[in-house]
Every structure is written in C-alpha cells, then in structure tokens.
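In case you want the letters, here they are:
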Amino acid sequence: MSTLEWDVPSPPEGRRGAARSAAPRRRVFKPGDRLFRWFTVACGAAVATAMFALAGVLIAGSWEAVSTLRLEPLTTVAWNPSGGEYGALTSLYGTFVTTLIAMAIAVPLALAIALLLVDLAHPKVSRVVGTAIEMLAAVPSIIFGMWGIFVIVPLMQTYVQPWIQQSPLGALPIFGGAPIGLGMLTAGIILALMILPYVTAVSRDVLKMVPTVVKEAGYGMGSTTFEVLRHVSLRYALSGIVGAVFLGLGRALGETMAVTFLIGGNVNTIPQSLFDPGTTIAATLANTFNEATDPLHVSALMELGLILFLITMVFQLIAQMWLKRARRMSGTRA
Amino acid sequence: MIEDGTIAANDPARASSARFPVPAPSPAERRTRRRSVARRRFVNKVVTVGAWTAGAIGIFFMGWIVLTVVRRGIGAINWAFFTELPPGPGDPGGGLANAIVGTIVITFGAALIGIPVGFFAAVYLAEFGRNGRIATAIRTITNVVLGVPSIVAGLFAFAILVRPLSHYSGFAGSVALAFIMLPVMTRTAEDILNLVPNDLRESALAIGAPRWKATMGVIVRSARGGLITGAILAVVRVSGETAPLLFTALSSPYWLEGLFGQSGYFGGPTANLTKTVYDYATSPYQNWQDLAWGGALVIIVTVLGMNILARLIFQRGKEWH
Amino acid sequence: MSKERTRDRVSAGRKVAFVVLVALVVLAMTLAACGDGGAPASGSGGAAKTDDTIVGAGASFPFPLYSKWGQEYNAESGVKLNYQSIGSGGGISAIEQNTVDFGASDAPLDAAELEAEGLVQFPMCVGGIVMVVNLDGVESGALKLDADTLASIYMGTITSWDDAAIKSLNPGLDLPATDITVAHRSDGSGTTWIFTNYLTAAAGDVWTAGADKEIDWPTGVGGKGNEGVAASVQQVKGSIGYVEYAYAKQNSMTWTQLQNADGTFVDPSLESFGQAAAEADWTGTPGFGVVLVDQPGPDTWPITGASFILMRKEQDDATRGKMTLDFFDWAYASGATSAEALDYVPIPDKVSELVRSDAWSQITADGAPVWKP
C-alpha cells in the first residue's frame, strides 16, 4: 500500500487550503506532487522508450535485408557483400564458440573465487581480493584488446600454441592449423577475463544470501567447507549462480573491442580449429559498418545488429528469471 | 570431528541424556571412518587450494594488465601529450590533447542526458512504483537495456542521428553513450534509494511534507553519498567505451571548435580518446603506437582511479556491477 | 543526536566539496590545454567559429600522403583537412550518403555508377602495392615472387615457406619450414581491388577467387586498413601481406621483388611505379578510371594503381565546394615534392589540366560552377 493512502485528520485551522473532512482512504496529493510523480514516471518511461526505439530502429533498418534475403544469412557461410553473399554463419559461429570458451574458463574460476571471498578468506582479505576482481570489470574493453594483441598474442604464438600442438592434444583437429596467436582461442581467453568479474560478483552476492544459520548447522555437524558449499549453499544459490552464468553469457556475446582486436577477421570460412581466425557478430559490425556501400549491405548489417540484440535480450531475461528465483528462495525481497 | 562417535563416551555432562547408546565403532569401522574423513579433508584441501589459486589468478591478470599499460604508456606521457595535437604518421612529438578534451565533452554531454533521467526513473521505481506492474515492467526493460551490447547502442545513434543528418557528430556519440549510461544509473540509484530505511520516509510524510519535498529533501539527501558514487561510476565507466563511438563521433585530428561547424560538437566528427587509441594501436607506425599506449594509460588511470576514489570517499556507495 | 547529524552533514558536505573541486581542476586543465595547444593548428586564433575543415573519408592507400598534404596545406592556408581512413568502400558510401566533402577510393567507379550517383571522379596520385613478409633471415628485396606463386599462396595451395615453387625462384635463400600466414584486408578496400585485379590479370588460371574490393578469401587473417595488414604482418612470424608501399617503407618492413609482365624481377620504387603510369590512357577512360596492373615495360612494377577522389556534382554549399577544390588544386600544383618523398607518383600536369577543365567544371552549387580556373 502506498504510504500516501493514510487517513489524514484535518488540522484544526485547515492550514493547507480549504478544510477537509476526514474522509477515509482519501489520497492527499498536493499539485506539486502530481507534477513530480508524472515527471518521474516520464523518466521511467524514457528508459522503456529507449529500448523500444532501439528495437524499432533495428527492425526498420533491417527490413530490406530481411525481405530480400529471407533466410540466406542463416544458411550461407561466407559474408561477401560485394559478391552478393550475406552469410551470417561465420559471425554466429564465432560468437558462440568464443562465448563457449570464455564461459568454460570463467565460470569455474568465478565460482572458486566467490567461494574464497565468502567462506574461506578473512573479511579484510576478502575485501581486497574482491575489489581487485571488480576492478577487472572497470578496465575498458579496448585496453583488454591492446594488452591482448601486444602481450598475449606473441606469447600464444611463440609458446602456448606450439606447446599444445606438440602435446597429445595436438592431434585433435580443433588444435590444428598454423599457430598465429590470433584466433578464436585467444579471443575466448581474453573474453573469459572480461566476464570473470561479473559472474564472480553475482555469485558472491548469491552465496552471501545463504542464511548463516543453515551453514552453521552444517559446520556444527562436522562438514567441511566444501561440503557445506555443495550440500547446503548450492541448494539456495544454484538458481542465482545460473543467473550469473547467463549474465556472463550475455556480456560475452556482445563484447566488441577486445574480440575485434584478437579474432583475426575471417568472415569467409568456418574455422576448423580454435587457432584459426574467425569473426563474431560484434566484430563484423565494427569492422565493416563504416564502409557499407549499398542499402542492402547496410540493411544486412542492421540485421546482424538486430540478431545480436535479440540474443542478448533473451539471455538477459533468462538471467533475470533465475536471479529472481534465487532471491525468492533465500527470503529477501524479490 | 568426533571420531569415537558416542556422546556418552565423550561428554560426561550429557551422558545421562544419551538414552540411546550408540555402540562404539569397531576397529574396522574406525579405520573406514578415518579414511573417509581423511578423504573428505583432502577434497576440502584441494578445493581450498583451488579457490585461493583462482583468486591469485584473478589478481595476477589484473596486475599484469595494469603493469603492462603503465610500463608501455608511461614513456609517452609528457606535457606535450596533454597539450598538443596528434602528429602525422611517423613524425615525432605531438600529443592527444584534442582527444582528451573530446572525450570529456562527449562524456559530459552523455551525463547531462543520462544521469538526471536515470535518477528520476530510479526515484519512480523506488518511491512511487515499487512493486506495481508498470514499475516491474520498467525494471525488466531496464535490465534488458543494461545488457545491450555497446556497439548496438552505436548503431542506434547512427540510425537516428548520423544517417538522417548526413554527418558524424560528437553529439551522436553522446547519445550512444547516454543510452548505455541510462540503465546503469537507474539500477544503481534504485538500489541506493532502496537502502534508505522506511522510517525516514514515513517520518517525512508524517510531518506533512509534500511528496516531492519528502523525496528530494529527505530521502535523496540521506542517500546523497551513494547516489553521487553511482553517478560518478556510471560516467566513468561510459568514458572508456569505444564501440559506440565507431560510427557516431568517429574521430578527428583537430580541436573541437564550437558547436555547429564541421569541427563542432553537433556538426562534425569529434576527436575522442578511445577511438584514437584504437586507430593508433592498430596502425603500423611506432610513434602512433606509443601514443596509443599513453592514451590507454590515461584511460585506465582515470577509470580505475575514479572507481577506487569514489569507493573510498563514499564508503556507503553500493558496489557497482 | 544533533551532534551526529551535524557531523554527518558536515562530512557529506566535505565530500561533495571534494568532488566539485576535482571537477573544477579537470575543467581548468581542459581550458588550459585548449588555450595553449591551439596555436599551431588554428590559424585564426581568437577569431569566431570558422567553418574551415574539409572532411574526407575513404581509402587507406593514400592516407600517408593526404595526411602530409593536409599538414602542409594547413600551415600555408589555415584550412584543415580531416581525412578518415575507413577503406575505399567506406569512402564511396560516405560520399554517396553525403556525409563528407569528398570520398577517396582506389577502385574507380565506372561511368554508369558515377552518373547514377551524381558523382565526379578524378585521380589524385599513383602508388604501388608491395608484398611484405615477416621471415627470419630475409631482408628487403631478397625474396623473389612471381604471379603464379603469389596466387597459389593466396589460394592456400602453397602453405609453407620451404615449398618447391618458392625455393626454385630463390635458389640462394635459406627458407625456413615455417607455415605461411596469409594476411589480407578485412574491410572493403581499393587496395584489395587492385591486388586481386593483378592476380586475375597475371595469374588468371591459378587465381579463381575473383577481383573486387571485398572477396571471399580462400585463406588468411583479416586486417583493417593498410594499417591493419601491416600491423598483422609485423606481429606474426611467417606471414605475408599486401600493403601500399608508403606503409612498408615508413615501417621498415621487409618487401619482396616481383616478376613483371616482361619477366624481369623488379624492386618497388617511384620509378617503377611511374613506368606503369606512363602509358596509361587517362583521357580516354571515363572518370579517369585507369587500371595500372601488370603493365608492360622492363622496369614496370606490376601492382600499381591510381587513387581517386569522388565529389558530388551538386554541392550543398558553394563555399565548401570551392574550399575543397582549392585544396586539390594546391595538391596538383605544389604537392609533387611531398608525394615523391613518400614514393607516390604525382599526376602529370596534362592530366590535371584536363581534370580542372572537364571534371571540376561539372561541380556546381545552385546551378553555377563552384570552381573557376
């Protein structure tokens, strides 16, 4: 109930305007208040409008491509606009593979760090380490890209990739191809570093929400820290952690600058190996948008943007759903 | 870990309540229990070591990145860096002054749009809408917009500002950045406003204050620290973005001049630090690459510095994510 | 109670004051920087907002040259040139959407396209594209390649530096068994257009991927702009890429010799580029759109190309149109020395005369020609 819907007894002298009878449940609005409320509603609506405007713009912009090309972007491999080919499969493939690599690295790391921060470390240590990890989120994407290409790529090219290829793993086709340092694997690794702080922060918050009483009961029975985590905390925190994973997924899918630097810009073939160059939707947009010559090309790029927007929106909504469930389970206000 | 198992055996004070005596474990049982306890301890040890290693890995990479940028960028930082225009490819000297100014102006423009709107939207969500249907819808939409990739925000600003007006502009860049800033500010501000205890709200209204005065004068004022932190962090985060500026503000080797000319904020491409760093880092010219590292150093010092500063000063600020 | 409230108020006030102070300091620095640093660039220091910037965008091929010219012209006249290197495709797109004063492209538009979009095209310079490699022990000019081998490398059929075909061309060279990493353009590029036209012309039976600004590359890593390819080759050992000569020279990259149409292995240089341009039929081709690849001659460089400027026939603003053409006029008349210093071949006078009389006369604003000779 809004706290405004009180029974306000009229003051003895009717200070504010005409005397009012003490009618029950009457809203006491001053005119300034109405204006204020509408103003804030308008601002709130502005955010919603922004999203609908974005969706509208993307749909309008990609209309020509959608009507002319139909399903071609989803069935053709090569992105070759001057040859009339608008295949988005390379971009989609690269987006998903780099995201997958990033999640495979970041999620276990993030969970381990969250455990450290919540259960294992002294609060002061936890604070310092937690802040350091959160600072990773503050590092702009372009710096990840520069560090990646000037520091990590040579390392990958000179040491890591040849080492992998000489080990038994080298027999697998996904580790074949020339070790050039750039490529899907490197991009995936940097991407993992970029989404680590997000997944860690949400996991930590979720783990913190587990009622202490229950954990202490577990410890009291003689469980180890890990057993409490596994059998007690996770039951409360699982949906939240799933939400965190989807959050990280959403970010990884849309990451542009670092990936553009590191992925190698191959829009024509599906890479056979993780060491091969590829592209993602965001990287294709960043690389080619400014020079789209004819309207169909621009429209096709808008369509890529629309696809990216829809994918990230879906993942964001799924994440919200799981996080809400986690909050409900641990009893805080949903 | 109670190895022997029986309360009666271990705790004389409670022995009397041990009405159901548990038989003492046989030596074989004790061995198994010890082994399984050992195994559990071992697993726990492994996980603990793993967790500490994970934390160390995170800090290690963080430190590596910062140190790399500092090491490579510090050489480019001198007085000229902050005052001169960019040099030609391969020419000595010069700086990124126009880019720094451009970023400040573009970010400021974005803040002018994003911060107030985001703040008042948060006021609506925290004070008026609460758990109502409209508010929940707006909250969901805000979260979605939060997850929109920054390059798509750039596409949006391109479609509504660059294409119809047929020119790039710093203003279009600000609009793209504002699009990103808006949900961040809304979320942060709402979280902070929610931390204000209800008692404060109720007392303000109880003394007869009009709603707007109660909200602005009392609730917002008490949450002021966190709100300022949130605003600073939102602005600072957005200042490090590159992708939204790729097709909106583009870049320029000259000073920002005025508002409407070809070098103006509304009129033409505007130099900015992030795009310039991107262009120079991907160029083959050594002097430009050095400048790019210098620019990267400025960016990372500003963003990380403001983050740490804001947290230290306004300790009540909500952790940003 | 009141003491704590006062304390809170005071400390909150102090915090706000601190933030305001920081903001003021930043603002002050900004204004100081504006004041000091503006001197060399803005010729009209202190004057009101002058709309004196020419905005151009397009090919990265001539970017080093236009950069240099822009600086010199600014020193002389105070007019600024803001040239964004976004690829030939970008330049064509930008001028068609009228977001710039001129677009630059290395792939010339044909008469039909020029007519349809209402554009005027004229050449600004001629340059050469060279192959750069990153191989230990191989110096500039040491490696020799011919069209068929090059085409095979880019088709992906030759994958290692110690392949027999490369060895047979370079008997004296100790080639390592490194994998070849092919670098190409990821953006729509006139440089690609020239390069692929060369491969089609000189090795048509090996090269089957076509000739255009953007093609379906059979193999390789993409780089953005000439800058991106050059940077890519610099970073990856065993790579080969194609870049405009000025990029290779400015960055001391390792270029190779190529076999020309006459069968001779030549070095890239102003002279060998000039040879290719010497016999071109500038006047006969509509829009001056000559293709200079694989030209005959003993010293001709096989991958040469001209770079073009595109402007709208109908200008929105006569002053801006004139300002732009004044710059190009200056470039034709006084830009030759700088061009040659960067190893670009300037456009011969008889051609630039023709450009002024035939092409520039078509550029009008409100019906009247913008530029008068």
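Treat the numbers as computed from the prediction; the structure is a model and nothing was measured. (Residues numbered from 1 in each chain as written. Chains lettered and ligands numbered in written order. Predicted model: local features only at pLDDT ≥ 70, side-chain atom pairs only at ≥ 80, totals over all residues.)

When its secondary structure is counted, chain C shows 13 helices and 15 strands. Burial analysis of chain C (373 residues in total) assigns 53% to the buried set. Looking at chain C alone, contacts between residues at least 24 apart form 73% of all its contacts between residues at least 6 apart. (Helix = DSSP H or I, 4+ residues; strand = E, 2+ residues; numbered from the N terminus. Buried ≥ 20, exposed ≤ 12 C-beta atoms within 10 Å, placed from the backbone. Contact = placed C-beta atoms within 7 Å.)

As a further point, take the domain arrangement of chain C. All names here are of chain C. Under the domain assignment used here, chain C contains domain 1 (3-128 + 306-369) and domain 2 (129-279). Facing 21 residues of domain 1, the contacting portion of domain 2 comprises 25 residues. Taken together, the residues that form the side of domain 1 that touches domain 2 break down as nine nonpolar, nine polar and three charged. (Domains from an automatic or database assignment. Nonpolar A, V, L, I, M, F, W, Y, C, P; charged D, E, K, R; others polar.)

It is worth spelling out the interface of chain A and chain C at this point. Across the boundary between the two partners, chain A contributes 22 residues, which contact 24 residues of chain C. Breaking the side of chain A that touches chain C down by element, the ones donating at least two residues are α5 (141-166) and α10 (281-288) of chain A. Across the side of chain A that touches chain C, the residue classes tally to eight nonpolar, 13 polar and one charged.

Before going further, it helps to examine the interface of chain A and chain B. Interface size, as often reported, equals the accessible area lost upon joining of the parts. In this assembly, 68 residues from chain A lie in contact with 75 residues from chain B. Those elements that provide at least two residues to the side of chain A that touches chain B are α1 (31-69), α3 (89-120), α4 (123-138), α5, α6 (184-208), α8 (225-254), α10 and α11 (295-329) of chain A. In terms of residues, the side of chain A that touches chain B owes the most to one element, α1 of chain A, which gives 17 residues. Among the residues forming the side of chain A that touches chain B, the class breakdown is 46 nonpolar, 17 polar and five charged.

Take the nonpolar core next. Ile-143 and Val-199 of chain A together with Met-181 of chain B are the most contacted members of the largest nonpolar core, which has 311 residues in total. Considering every element that reaches this core, the biggest residue donor is helix α4 (residues 97-129) of chain B, with 19 residues. Each of two domains, domain 1 (3-128 + 306-369) and domain 2 (129-279) of chain C, supplies a minimum of three residues to this core. Filtering out sequence-adjacent residues up to four positions away, Ile-143 of chain A remains in contact with Ile-65, Val-69, Ala-296, Ile-299 and Ile-300 of chain B. (Core = buried A, V, L, I, M, F, W, Y, C linked by C-beta atoms within 7 Å.)

Our next topic: the packing of α11 of chain A against helix α5 (residues 133-146) of chain B. Between α11 of chain A and α5 of chain B, the shortest axis-to-axis distance is 9 Å and the interhelical angle comes to 130 degrees. By the angle between their directions, the pair α11 of chain A and α5 of chain B is classed as oblique. α11 of chain A and α5 of chain B meet at a crossing whose hand is right-handed. For the pair formed by α11 of chain A and α5 of chain B, the contact residues are Met-313, Gln-316, Leu-317 and Gln-320 of chain A on the first element and Thr-140, Asn-143 and Val-144 of chain B on the second. Classifying every residue of the contact of α11 of chain A with α5 of chain B by side-chain character gives three nonpolar, four polar and no charged. (Axes fitted to C-alpha atoms, helices over the stretch in contact; angles between N-to-C directions. Parallel < 35°, antiparallel > 145°, perpendicular 65-115°, else oblique. Left-handed = near helix turned anticlockwise from the far one by under 90°.)

This part is about the sheet that holds strand β10 (residues 257-259) of chain C. All names here are of chain C. Spatial ordering of the open sheet is given by β5-β10-β11, a layout of three strands whose pairing is mixed. Edge positions in the sheet fall to β5 (144-145) and β11 (265-266), since each has one partner strand and no second. Bridge count between β5 and β10: two bridges; the pairing is parallel. Each bridged residue has a counterpart across the sheet, and for Leu-145 the counterpart in β10 is Leu-258. (Pairing = 2+ DSSP bridges.)

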